[in-house]
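Take a look at the letters that make up each chain.
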Amino acid sequence: MEKFLWGSATASYQCEGAWNEDGKGESQWDDFSHHSPFNINHVDGDISCDHYHRFIEDLDLMKESHQNTYRFSIAWTRIIPDETGKVNQKGLDFYNQLINACIERHIVPNVTLWHYDLPLHLYKIGGWENRRTIDEFVNYAKICFEAFGDRVPLWVTVNEPGFYTHCCYGAGNYPPNVCDFQRYAKAGYHLMLGSARVIEEFRKGDYIGKIGLVHASGNVETKGTDEANQIAARNADLFNNLWVTDTCIRGYFPDDLFYKLRESQIDLSFVKEEDKIHFRNGTVDFLGINLYCRTYVKPYSGGETNVHLNNKGSGKILEGEVIKGWYETAYDPHVKVNQWGREIYPRCMYDELMTIKREYDNIPVFITENGHGCYDELIDGQVDDKERIEIVGEFIKWMLKAREEGCNVQGYYMWSTMDLYSWVNGYKKRYGLVYIDFNNGNKRIPKKSYYWYKKLIENDLKGE
Ligand code: BG6
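Definitions and limits used
Residues numbered from 1 in each chain as written. Predicted model: local features only at pLDDT ≥ 70, side-chain atom pairs only at ≥ 80, totals over all residues. Heavy atoms only, no water. Buried < 20%, exposed > 50% of the residue type's maximum accessible area, 1.4 Å probe, protein only. Helix = DSSP H or I, 4+ residues; strand = E, 2+ residues; numbered from the N terminus. Pairing = 2+ DSSP bridges. Axes fitted to C-alpha atoms, helices over the stretch in contact; angles between N-to-C directions. Core = buried A, V, L, I, M, F, W, Y, C linked by side-chain atoms within 4.5 Å. Contact = heavy atoms within 4.5 Å.

Asker: Sorry, what's going on with the pairing of strand β10 (residues 320-323) here?
Answerer: Looking along a regular strand, one sees the side chains alternate between the two faces of the sheet. The alternating pattern of β10 places Gly-320 and Val-322 on one face and Glu-321 and Ile-323 on the opposite face, and all of these are buried. Sheet topology places β10 next to strand β11 (residues 327-329); 2 bridges connect them, and they run antiparallel. Pairing of Val-322 across the sheet is with Glu-328, part of β11. Hairpin geometry of β10 and β11 is characterised by an intervening segment of 3 residues between the two adjacent antiparallel strands and by a positive phi of about 80° at Gly-325.

Asker: Even after reading the chapter, I still don't get the sheet that holds β10, so can you show me in this structure?
Answerer: The strands making up a sheet associate through hydrogen bonds between their backbones, and the pairing can be parallel or antiparallel. Spatially, the 5 strands line up as an open sheet ordered β6-β8-β11-β10-β9, and their pairing is mixed. Taken across any chain shown, the strands that pair with only one partner, and hence form the sheet edges, are β6 (220-222) and β9 (306-308). On average, adjacent strands in this sheet sit at an angle of 30° to one another, irrespective of strand direction. Examined bridge by bridge, strand β8 (residues 295-298) and β11 share 2 bridges and lie antiparallel to one another. Across the sheet, Lys-298 pairs through a bridge with Glu-328, a residue of β11.

Asker: Explanation requested: the pairing of strand β2 (residues 69-73) in the structure shown.
Answerer: Taking burial as the measure, the 5 residues of β2 include 5 buried ones, the bulk of the element. Burial along β2 is two-sided: Thr-69, Arg-71 and Ser-73 and Tyr-70 and Phe-72, pointing in opposite directions, are all buried. Two elements, strand β1 (residues 5-9) and β2, share 3 bridges in a ladder whose sense is parallel. Along β2, the bridge assignment pairs Ser-8 with Tyr-70. Here β2 pairs with strand β3 (residues 108-114) via 5 bridges, running parallel. Residue pairing across strands places Phe-72 opposite Val-111, the latter belonging to β3.

Asker: What should I look at first to understand the nonpolar core in this one?
Answerer: In globular proteins that are soluble, nonpolar side chains generally tend to be buried together. Within the largest apolar cluster, 140 residues are counted, with the highest numbers of intra-cluster contacts made by Trp-128, Trp-155, Leu-353, Met-399 and Tyr-412. Looking at which element gives the most residues to this core, the answer is helix α9 (residues 181-204), with 11 residues. Apart from the residues lying within four places of it in its own chain, the contact partners of Trp-155 are Ile-74, Val-111, Leu-113, Cys-144, Phe-145, Phe-148, Gly-149, Phe-202, Lys-210, Ile-211, Gly-212 and Phe-286.

What follows is the structure, given as structure tokens:
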């Protein structure tokens, strides 16, 4: 067996800062955080933890804790800043330096092409609702493959087509901040097509790596076991998981998905016959799973569609949704929730991995994100994040159990490498192994979990 990959993850807009340096163009998130009334925590990613200037320090900390892989994303707008399509050499230089610095430290770079930050000019023509974005994505991906494909062993096309569209067009907390299922379906379909077409492009080249897609997964569980609950479970699985996982692994959408969409009066004229061939040819080598919680549901009981996410914290508002005619969220009073109203249920790691093993012929998987967001405090120069250690420790135990039982899980990335911009949640919701003192020159302070993770990696790799 190859060495298990143990590492951590970030995404460009969330950590790089340097939002307008070295020729970078504007992305939808620059625009959102500077101008949108929906930016409810009134912060931006202009500087964030300044990874752009401090990546060497960050990589040294990863190395020091025995992490042997780093998942990060490329900011499309550093490579192609605007609608002229001209390539920005300084953007290529930055990622070349980052990739080379990983390799020098024996840290495997796991590179995501797109993690939410669309170029602003594409966002303005409808983003993923517009097919032109797909062509532009393929063009951008090809430039990245040509520039870095000789050194990158793991590529990811798209981060979380499901959760991203859910936020943009369901909850409406990400730009364009609407609740519109017609637009939701179209953008989601185009994202999957974009991913498939990029994979087709990848297969044409002589690159050393493997390519996958990252899905924000959560195995579905129901309150009851009767027929109504089984139907709700299937609907919730279609809605949250299968349109992504079936499509990128099997190469086609589940039949009953289109049936359900038509039943919900979704106009599917954006689905073209000729796309089928791209989906068939553009399947993944591996699945990345971002796992934070399960999907716990019950039968739809009435009322309009309503999606609510808690971006303000404080623990009082729970997350969940009613999807008209499909299912609704169930709440289990015995399961704890975090300060943002999301279940803390580590066992779902095992259930999810075993489901993927069973359903998809034990495809290689990576846990590309898992972690625990909380309000960490710096006290006397230290952060004692024992809650994170306890919860993430449980998740990892369940992952190792699945591995022991034959699941083809090949790596684990903790979200996140260091504290960073948590999208609409701002900076107070922290996930990092390393604390960032945002008020004190972005000083890096490893948390207790950093040392705990170091030990855990050491022990696991020793046992191999
Ligand atoms: C994942 C995303 O959905 O969850 C990350 O890929 C994100 O970008 C992470 O930061 C945690 O979510 P949040 O909203 O708490 O930052």
